[in-house]
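Reading the structure
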Amino acid sequence: MFIPEHDDQKHSIHIALPPDRCFEFFTPEGERQWVTDWAPVYYHQPSQDKLEGSVFSTSHDCVTTWWTVVAHDPQLLTVRYSRLTPGSRAAIVDVCCEADAGGSKVTVRYRQVGLDEGGNGLVRKMNGAAFPAMIEDWKARISALLPSPAATA
């Protein structure tokens, strides 16, 4: 009998940008800047200013994931996604940007559940140090796009 596994991980990073500019990197279009194969295909997109309710898919290694923007608040700098990789796993992804010394504190939370044994394996892979390492990689990718402090002096 299949028993789905659930995991809830949260990790914060620092990005050397003001929160409103940093937040843009965590929208469907903003991720194009730092995720190499990120190419959302939109099925519904209310508007650029109102992302809540947007539905899109992404593909990676011939696997399609469906995304819905459940909540998007540019004033609070928060966004919540529901993501479903059919036959594998489902997740709620929360991103929050807030002012932090010299930039932004970005907190990312993934709550995911396996939908089959393969999905359970992927959920287990995110345990321990793997999730923080993934989010730290996000920081490295975004930070690589920013001008160096010497270039702005």
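The text that follows walks through the structure, step by step, so that each part is easy to find. Values in this document were obtained by computation on a predicted structure and should not be read as measured data.

Parameters at a glance
- Residues numbered from 1 in each chain as written.
- Predicted model: local features only at pLDDT ≥ 70, side-chain atom pairs only at ≥ 80, totals over all residues.
- Heavy atoms only, no water.
- Helix = DSSP H or I, 4+ residues; strand = E, 2+ residues; numbered from the N terminus.
- Buried < 20%, exposed > 50% of the residue type's maximum accessible area, 1.4 Å probe, protein only.
- Polar contact = N/O pair within 3.5 Å; in protein donor to acceptor, adjacent residues only side chain to side chain.
- Contact = heavy atoms within 4.5 Å.
- Patch = residues over 30% accessible without salt bridge, like charges linked within 9 Å, V, L, I, M, F, W, Y side chains within 5 Å.
- Areas by Shrake-Rupley, 256 points an atom, 1.4 Å probe, with all protein chains shown as cover.
- Salt bridge = Lys/Arg side-chain N within 4 Å of Asp/Glu carboxyl O.
- Phe/Tyr/Trp six-rings, centres within 6.5 Å; stacked < 30°, edge-to-face > 60°.
- Pairing = 2+ DSSP bridges.
- Axes fitted to C-alpha atoms, helices over the stretch in contact; angles between N-to-C directions.

**Thoughts on the side chain of D94**
Looking at the secondary structure, you find D94 in strand β6 (residues 89–100). Given a relative accessible area of 14%, D94 falls into the buried group. One polar contact links D94 to R80, side chain to side chain, over a distance of 2.5 Å. Dropping the residues within four chain positions of it, D94 is found in contact with V79, R80, T107, V108, R109 and R111.

**Remarks on a nonpolar patch on the surface**
A surface patch of nonpolar side chains, amounting to about 450 Å² of accessible area, comprises V41, Y43, W66, L84 and L115. With a relative accessible area of 37%, L115 lands in the partly exposed category.

**Structural notes on the packing of aromatic side chains**
As enumerated under the stated definition, the model contains 12 aromatic pairs in all. Site record: aromatic cluster; members linked through ring pairs are F26, W34, Y110, F131 and W138.

**Topic: the sheet that holds strand β1 (residues 6–15)**
What the seven strands build is an open sheet, ordered β1-β7-β6-β5-β4-β3-β2; its pairing is antiparallel. The outermost strands of the open sheet, each flanked by one partner alone, are β1 and β2 (41–44). Ignoring strand direction, the axes of neighbouring strands in this sheet form an average angle of 20°. Across the sheet, helix α2 (residues 117–125) touches β1, β6 and β7 (103–114), and the angle it forms with β7 is around 150°. With respect to the sheet, helix α3 (residues 130–145) is in contact with β1 and β7, its orientation differing from that of β1 by roughly 30°.

**Notes on the pattern of salt bridges**
Taken as a whole, this structure holds six salt bridges when the rule is applied. Residues E29 and R32 are paired through a salt bridge, measuring 2.7 Å at the closest nitrogen-oxygen approach. Accessibility expressed as a relative area gives 28% for E29, which makes it partly exposed. R32 gets classed as partly exposed once you look at its relative accessible area, which sits at 38%. Each member of the salt-bridge network shares a partner with another, and the members are R80, D94 and R111.

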